[in-house]
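Architecture and fold: a report
Here is how the chains run, residue by residue.
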Amino acid sequence: MAKAAPIPGLEPRARFGDAAAAAVEIRSAEVFEHARGVLDINDIERVHDMRVATRRLRAALEVFATCFPNKRHRGLLAEVKALADALGERRDPDVAIEELTKVANGLGAAERPGIAGLIEELHAEQLDGNRVLAGVLLGVHECGLEDRLAELARSARAEQEQTS
Amino acid sequence: MPAVPAAARHPRSAKLAPVASVHACIDIGSNTTRLLVAGLDGDGLRELVAERAFTRIGASCQTDGHIPAETVAATAAVVAGQLHSALAAGAGEVVAVATAAVRDAPNRDELVGAVERDTGLALRVLSGQEEARLSFIGATRVLAEEIPDPVAVVDVGGGSTELAIGTPGGEPAFAASLAVGSSVLARAHLHTDPPAPAELHAARSAASEAFEGLAPPAAAGALAVGGTATSLHRIAGRDLDLASLQRALELLGSAPSSEVATRVKLDPERVRLLPGGILVLAAASGCLGLTPAIAHGGLREGVLLELLDRRASEGA
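Since we're looking at a predicted model, the values are computed, not measured.

Counting its regular elements, chain A contains five helices and zero strands. Across chain A, helices and strands are ordered from the amino to the carboxyl terminus as α-α-α-α-α. At 19 Å, chain A has a C-alpha radius of gyration far larger than the 15 Å of a compact globule built from 164 residues. Taking the principal axes of its C-alpha atoms as reference, chain A extends roughly 75 × 30 × 20 Å. Relative to its full complement of 164 residues, chain A shows a buried share of 38%. Look at the contacts in chain A between residues 6 or more apart in sequence, and 70% of them connect residues 24 or more apart.

Structure (structure tokens):
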């Protein structure tokens with residue numbers, strides 16, 4: 001699992017709005033960086049890393065919720081959740097296939113066909129999950145989620161400037 | 001060489017039957033970015049959807065081979081659109097590959113990054129040897145009828161030309177990639193429309209030079225695949241002997257590309273690139289001492305068949 005990137009300026013004396021902006025900017029950048037090649041089922045850690053990054057972004061959005069315009073924040077949080085759900089659809093069969101493959105490798109030839117059938121079913125689920133994820137990723141890109149998250153972060157910083 | 005049955009050359013016309021799984025390959029070449037969605041089962045591959053967009057990476061490259069930022073963005077957008085089409089057709093796995101123009105670009109990582117980030121696809125930049133091998137597999141495994149053994153497969157692309165020789169359906173025993181293609185010759189030599197005789201002469205010399213020193217093993221027959229070959233079918237017939245290639249060159253040199261394109265019902269961009277591709281094919285024929293026959297299948301089919309083999313071995 002990829003380690004979370006440190007958030008520059010996040011310290012006890014930081015202003016809440018500035019901290020919110022920095023946290024969302026860094027966590028959002030991590031999500032989109034982990035999108036690289038995430039549909040490749042030969043490297044299942046990519047989905048895992050992106051899913052973890054999405055959870056971290058959701059946590060940042062929830063912790064700092066009061067810093068953001070309510071309606072926009074709610075909408076973006078829902079979009080990030082939909083992305084996380086799509087990653088979960090892919091991740092579940094990924095993990096099951098990995099574990100069952102380990103079990104299959106420890107079995108004798110006579111016992112393998114049963115488990116191979118199960119793995120095949122899970123592979124079909126994995127491909128279904130990939131289709132869902134691919135559609136969500138294309139939607140995320142087309143509707144400019146990354147830019148809108150950056151805009152949300154800027155709004156927290158601007159609000160902080162006005163109230164200070 | 002025996003004639004190739006029409007159904008084998010055009011799998012779309014094959015009788016429809018259920019397929020075990022549907023997968024797709026997106027191939028970013030020097031001239032075009034192409035999508036193939038195919039049904040895969042134990043017997044092989046059936047084309048379901050094919051798309052093509054002229055992304056012109058080779059033509060847009062700066063003199064040092066850098067791909068401009070706008071071409072990077074436009075290509076990533078085309079790949080995203082083709083991914084949409086693949087998903088709509090029910091593709092489970094979508095494999096993306098890139099060839100010569102990307103392979104040779106000093107800033108290829110920018111294009112790889114843009115595609116991977118915007119679409120989630122992992123983009124595999126093929127080496128020349130891999131490209132030759134996969135084109136060979138794709139060309140020889142989709143044909144239904146008997147193919148000469150050993151067979152040579154010539155894949156004339158925009159930025160490179162691949163040549164592979166081996167037993168049909170197997171791994172090639174010989175594979176080579178040459179830094180010459182339709183876009184390379186067009187950029188370097190063919191500047192007027194239609195190309196002037198002196199330009200064609202210079203391009204012909206460059207094509208011949210690219211094959212100098214190459215000593216492929218003997219083959220019993222040859223297949224030509226790729227955009228140049230399939231487009232040539234319309235104007236030169238199926239067997240690409242030197243006389244038909246020369247006639248095609250004369251036709252292409254008879255009027256500006258837009259006029260010829262209307263006459264032969266081809267994209268004007270393809271017509272502009274064809275003279276270079278024909279000269280490379282002629283040079284390849286000379287090198288092999290064979291007349292290539294146009295064949296369906298090639299790189300994208302090879303990528304998908306390799307995927308099919310890999311999944312089969314994982315399930316074994």
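Text resumes after the structure shown.
Take the overall build of chain B next. For chain B, the count of helices and strands is 13 helices and ten strands. Computed over its C-alpha atoms, the radius of gyration of chain B comes to 18 Å, within 12% of the 20 Å expected for a compact globule of 316 residues. Each principal axis of the C-alpha distribution contributes one length, and for chain B these read about 55 × 45 × 40 Å. Within chain B, the fraction of its 316 residues that count as buried is 54%.

All names here are of chain B. The mixed open sheet is built from five strands, whose spatial order is S3-S2-S1-S4-S5. Strands at the two margins of the open sheet, each flanked by one partner only, are strand S3 (44–54) and strand S5 (123–125). Neighbour-to-neighbour, the strand axes of this sheet turn through a mean angle of 20°, independent of strand direction. In this structure, strand S1 (residues 21–28) lies alongside strand S2 (residues 32–41), joined through eight bridges in antiparallel fashion. Directly across from isoleucine 28, in S2, lies its bridge partner threonine 33.

Time to look at the domain arrangement of chain B. Residue and element names in this part refer to chain B. The domain architecture assigned to chain B consists of domain 1 (6–127) and domain 2 (129–294). Taken together, the contact pairs 17 residues of domain 1 with 20 residues of domain 2. By residue number, the principal contributor to the side of domain 1 that touches domain 2 is S3, which donates three residues.

Listed by partner, the interface residues are 19 residues for chain A and 16 residues for chain B. A per-element tally of the side of chain A that touches chain B places helix H4 (residues 112–142) of chain A first, with eleven residues. Residue composition of the side of chain A that touches chain B, by class: eleven nonpolar, four polar and four charged.

Averaged over every residue, the pLDDT of chain A is 92; residues scoring 70 or more account for 99%. Confidence scores differ between elements of chain A, with H4(A) showing the lowest mean pLDDT of 90 and helix H2 (residues 45–63) of chain A the highest of 96.

Moving on: helix H1 (residues 16–33) of chain A. Residue and element names in this part refer to chain A. With 18 residues, H1 should reach 26 Å at 1.5 Å per residue; the first-to-last C-alpha distance of 26 Å fits that figure. Where H1 is concerned, the buried positions are Gly17, Ala19, Ala20, Ala21, Ala22, Ala23, Val24, Glu25, Ile26, Arg27, Ser28 and Val31. The inward-facing, buried residues of H1 contact H2 and helix H5 (145–163).

Let us look at the sheet that holds strand S10 (residues 293–294) of chain B. All names here are of chain B. Taken together, the five strands give an open sheet; going across it, the order is S8-S7-S6-S9-S10, and neighbouring strands pair in mixed fashion. Because the sheet does not close on itself, it has two edges, and the strands there are strand S8 (174–178) and S10. Inspection of the sheet shows strand S6 (residues 151–156) paired to strand S9 (residues 221–225) by five bridges, in the parallel sense. Within S9, the residue paired with valine 154 across the bridge is alanine 224. Against the sheet, helix H12 (residues 268–288) engages S6, strand S7 (161–166) and S9, with an angle of about 160° to S6.

Residues and elements named next belong to chain A. The end-to-end C-alpha distance of H2 is 27 Å, a good match for the 27 Å that 19 residues give at a rise of 1.5 Å each. Every buried residue belonging to H2 is among Arg46, Val47, Asp49, Met50, Arg51, Val52, Ala53, Thr54, Leu57, Ala60 and Leu61, and all of these are buried. Residues of H2 that are buried sit in contact with H1 and helix H3 (70–105).

Looking now at unusual backbone geometry. The phi torsion of most residues other than glycine is negative, and most of the peptide bonds are trans. Residues and elements named next belong to chain B. Here the amide bond leading from aspartate 149 into proline 150 is cis, since omega sits at 0°, within 30 degrees of zero. Mapped onto the elements, proline 150 comes out in the loop between helix H6 (128–142) and S6. A cis geometry characterises the amide bond from aspartate 193 onward to proline 194, with omega recorded as 0°. Of note, proline 194 is situated in the loop between helix H7 (182–188) and helix H8 (197–211). The backbone of lysine 265 shows a phi angle near 60°, a positive value even though the residue is not glycine. Secondary-structure assignment places lysine 265 in the loop between helix H11 (257–264) and H12.

To continue, consider the environment of Asp193(B). Residues and elements named next belong to chain B. Tracing the chain through its elements places aspartate 193 in the loop between H7 and H8. Residues aspartate 193 and proline 256, 63 residues apart in the sequence, show an inter-C-alpha distance of 5.2 Å. Setting aside residues no more than four positions away along its own chain, aspartate 193 makes contact with Pro256, Ser257 and Arg272.

This paragraph deals with the nonpolar core. In summary, soluble globular proteins display a tendency toward joint burial of nonpolar side chains. Residues and elements named next belong to chain B. Counting residues in each nonpolar core, the largest one holds 139 residues, and the members touching the most others are Val79, Val94, Ala152, Ala224 and Leu281. Per element, the largest residue contribution to this core is twelve residues, and it comes from H12. Non-local contacts of leucine 281, meaning those with residues more than four positions away in its chain, are made with Val154, Val156, Ala224, Thr228, Leu240, Leu245 and Pro292.

Quick notes on the rules
- Residues numbered from 1 in each chain as written.
- Chains lettered and ligands numbered in written order.
- Predicted model: local features only at pLDDT ≥ 70, side-chain atom pairs only at ≥ 80, totals over all residues.
- Helix = DSSP H or I, 4+ residues; strand = E, 2+ residues; numbered from the N terminus.
- Rg over C-alpha atoms; globule rule 2.2 N^0.38 Å.
- Buried ≥ 20, exposed ≤ 12 C-beta atoms within 10 Å, placed from the backbone.
- Contact = placed C-beta atoms within 7 Å.
- Pairing = 2+ DSSP bridges.
- Axes fitted to C-alpha atoms, helices over the stretch in contact; angles between N-to-C directions.
- Domains from an automatic or database assignment.
- Nonpolar A, V, L, I, M, F, W, Y, C, P; charged D, E, K, R; others polar.
- pLDDT = per-residue confidence, 0-100.
- Expected span 1.5 Å × (residues − 1).
- Core = buried A, V, L, I, M, F, W, Y, C linked by C-beta atoms within 7 Å.

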